[in-house]
Amino acid sequence: LLFFARMFVQVCLYFYCKCLWRCLKFVVRKLTGRCELQRICYNTKPGAARTMKIEASLKGSKSKRLQTSVSVHPDAIEKTIDDIMELKRINPDINPQLGVSLQACLLQIVGYRNLIAEVEKLRREPYDSENPQHEEMLLKLWKCLKPNSPLKARISKQWCEIGFQGDDPKTDFRGMGLLGLYNLVYFAEWDTEIAQQVLSDSLHPKYSAWQYLDFLFSLPSQFSKAEWEKKKFDKAIGYSFAIVGINITDLAYNLLVSGALKTHFYNVAPEAPTLTHFQQTFCYLMHEFHKFWIEEDPLDIMEFNRVREKFHKRILKQLQNPEMALCPHFAASESLINM
C-alpha cells in the first residue's frame, strides 16, 4: 500500500510540475514576446549548451511536428525550420538570425544521430579476410606502425609485435568489427609519430637496464635471477597496443551512443559531426589513456579493467561541463577546431 501511495504522489508531482512548467513558459512568452526557442537562440552562445537546450525543448514539446524535427533527414532541415517558424508564428523576415541558429543546431542534432548509425554499421560489419579492402587496411596498419620491419607473411607471429593476440589479427576484431580497424588505422596513419611512440612504450618494461643492474647487485644471495625476471615483468608498463586500441574503441563507442560525446561534438563541429570527428576523438582517448596508464602505475595488465573504468569516469566527468571540448594535442586533430 505504501508503494502505491508513493507512486501516486510521484505521478501527481510529475503532472503538476509539467503543467506548472507549461504555464510558466506561457507567462514568460507573453511577458517577453518570445517563444522558448527564440529565448534559447538569443540568450545562449553557440555550442553544446545552446544545441542541447534546443534539443531538449523540441523533444519536450507537446507538438509531434516539433518532437520529430530532431530526427529528420539532413536534406529536410530547411523545410523543418520553415515548419517550426510557421507553427510558432514567428516572422522569418523579422527574425532572420533565428532560422540560422536553428539550422546550425538541427544540423548538429541530426548529424549526431546519423553518426551513431554510421558507427554502428561499422561495428556490426565483421572483418573478412576474403575482402581485399579489409586486408589492405590491415596491412596498412602494419606499414604505418612498423615501416622498417616488413611483414614476412599474412599469418605470422609478427602481429604480436603490435599487440594482437595471435598469428591472425582478424579474430581480435570480433568485438568491435571494422570500427576497431578503422580507428587503429586512422591513429597510425594521421598520428603516426604518437602512435609509434605509444606502441614503443607499451612494449617496454618500467625498469631500465641500469635499474636492473643496480637491483641485481643489491639482491640477497637467495634471490635468483629468474625471480627477478618474474618480478620485472610483473611491473611491466606494457599492454597489447592493438587490443587496447580495440578496447578504447569500445569506450568511445559507448560514450557516443550514451550521448556523453554530444558536449564535445556540439562544441567542435559547427555543423554535423562526422566519422572523422569520431576518429579524432579516438586518437585523443588513446593518447590520454596511455598517459593515464603511466600515471596510475598499475602492478600488471590484470589491473587494466580497473584503470580503464577510472579513466572512463574521468572522461565522463569532463564531458558533463557544457563548455568542454576534448582538447587536441596532436597532428590528426589540428584541423578539428577549424572544421
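Residue positions are counted from 1 within each chain, in the order its sequence is given. The model is predicted, so local features are restricted to residues of pLDDT at least 70 and side-chain atom pairs to those at 80 or more, both for listing and for counting; the totals for chains, interfaces and linings are taken over all residues. Only hydrogens and water are removed before side-chain values are computed, so all heavy atoms of the structure are retained for them.

### Quick notes on the overall build of the chain
Just so we agree on the cut-off: Numbering of helices and strands runs from the N terminus, with a helix taken as a DSSP run of H or I at least four residues long and a strand as a DSSP run of E at least two residues long. We call a residue buried when its accessible area falls under 20% of the maximum for its residue type, exposed when it is over 50%, and partly exposed in between, using a 1.4 Å probe and counting protein chains only. Contacts between residues were defined by any pair of non-hydrogen atoms, one from each residue, lying within 4.5 Å. All accessible-area figures derive from a Shrake-Rupley calculation using a 1.4 Å probe, and residue coverage is judged against the displayed protein chains alone.
Assigned secondary structure in the chain consists of 15 helices and zero strands. With 339 residues in all, the chain has 44% of them scored as buried. Excluding contacts between residues fewer than 6 apart, the proportion of contacts in the chain whose partners are at least 24 apart in sequence is 68%. Counting only carbon and sulfur atoms, one obtains 58% of the accessible surface of the chain, whose full area is about 19,100 Å².

### Here's the deal with helix α15 (residues 304-319)
The following threshold applies: Every helix has an expected span of 1.5 Å times one less than the residues it contains. It is the directions from the helix axis to the C-beta atoms whose arc is reported.
Taking 1.5 Å per residue as the helical rise, α15 with its 16 residues ought to reach 22 Å, and the 22 Å between its terminal C-alpha atoms agrees with that figure. F304, V307, R308, F311, H312, I315 and L319 are the residues of α15 that are buried. Each buried residue of α15 sits inside an arc of 140° when the element is viewed along its axis, so together they form one side. Exposed residues lying more than 90 degrees from the buried face of α15 are K313 and K317. The elements touched by buried residues of α15 are α12 (241-258), α13 (262-268) and α14 (275-296).

### Quick notes on the environment of H287
Structurally, H287 can be placed in helix α14. In this structure H287 comes out as buried when scored by relative accessible area, which is 14%. Taking the C-alpha atoms as reference points, H287 and F187, 100 residues apart in sequence, are found 9.7 Å from one another.

### Some words on the confidence of the model for the chain
The cut-off we apply is this: Per residue, pLDDT captures the predictor's confidence, and it can take any value from 0 to 100.
Averaged over all residues, the pLDDT of the chain equals 85, while 80% of them reach at least 70. Segment residues 207-223 is flagged for pLDDT under 50; beyond a separation of four residues in sequence, or across chains, it makes 13 contacts in the model. Long-range and interchain partners of residues 228-236, a stretch whose pLDDT sits below 50, account for 18 contacts in this model, where long-range means more than four residues apart.

### Brief notes about the packing of α12 against α15
Note the following rule: Note on geometry: axes are lines fitted to C-alpha atoms, helical ones only across the stretch in contact, with angles between N-to-C directions running from 0 to 180 degrees. Crossing handedness follows the turn of the near helix against the far one: under a right angle anticlockwise gives a left-handed crossing, and clockwise gives a right-handed one. Throughout, the ten residues Ala, Val, Leu, Ile, Met, Phe, Trp, Tyr, Cys and Pro are labelled nonpolar, Asp, Glu, Lys and Arg are labelled charged, and all others, Gly among them, are labelled polar.
Taken N-terminus to C-terminus, the directions of α12 and α15 make an angle of 35°; their axes are 12 Å apart at the nearest point. The way α12 lies across α15 gives a crossing that is right-handed. Where α12 abuts α15, its residues V244, N247, D250, L251 and L255 lie against F304, R308, F311, H312, I315, L316 and L319. Taken together, the residues of the contact of α12 with α15 break down into eight nonpolar, two polar and two charged.

### A closer look at the environment of T276
Relative to the helices and strands, T276 is located in helix α14. For T276, a relative accessible area of 30% gives the class partly exposed. Along the chain, T276 and N183 lie 93 residues apart, while their C-alpha atoms are 9.7 Å from each other.

### Looking at helix α9 (residues 192-203)
Spanning twelve residues, α9 covers 17 Å between terminal C-alpha atoms, matching the ideal 16 Å at 1.5 Å per step. Restricting attention to buried positions, one finds in α9 the residues A195, V198, L199 and S202. Take α9 and look down its axis: the buried residues cluster within an arc of 100°, on one side only. Buried positions along α9 lie against α7 (132-145), α8 (177-190), α12 and α14.

### Description of the packing of aromatic side chains
Selection criterion: Centres within 6.5 Å make a pair out of two Phe, Tyr or Trp rings, where for Trp the six-membered ring is used; the pair is then stacked when the planes are under 30 degrees apart, edge-to-face when over 60, and tilted otherwise. Cation placement over rings: the criterion is NZ of Lys or CZ of Arg within 6 Å of the ring centroid and within 35° of the ring normal.
Under the definition given, this model contains 16 aromatic pairs. With a centroid separation of 5.7 Å and an interplanar angle of 85°, the aromatic rings of Y239 and W293 are classed as edge-to-face. Taken together, the residues Y239 in the loop between α11 (225-234) and α12 and W293 in helix α14 connect sequence positions 54 residues apart. With relative accessibility at 6%, the residue Y239 sits in the buried group. Exposure remark for W293: the relative accessible area of 1% places this residue in the buried category. Here F289 and W293 contribute two aromatic rings whose centre-to-centre distance is 6.1 Å and whose plane-to-plane angle is 40°, an arrangement assigned as tilted. With a gap of four residues between them, F289 and W293 both fall in helix α14, about one helical turn apart. Summarising the burial analysis for this pair, F289 and W293 share the class buried. Ring pairing ties together the aromatic residues Y239, F289, F292, W293, F304 and F311, which thus form one cluster. Its guanidinium or amino end placed over the ring of Y112, K262 lies 5.7 Å from that ring's centre, counting from NZ or CZ.

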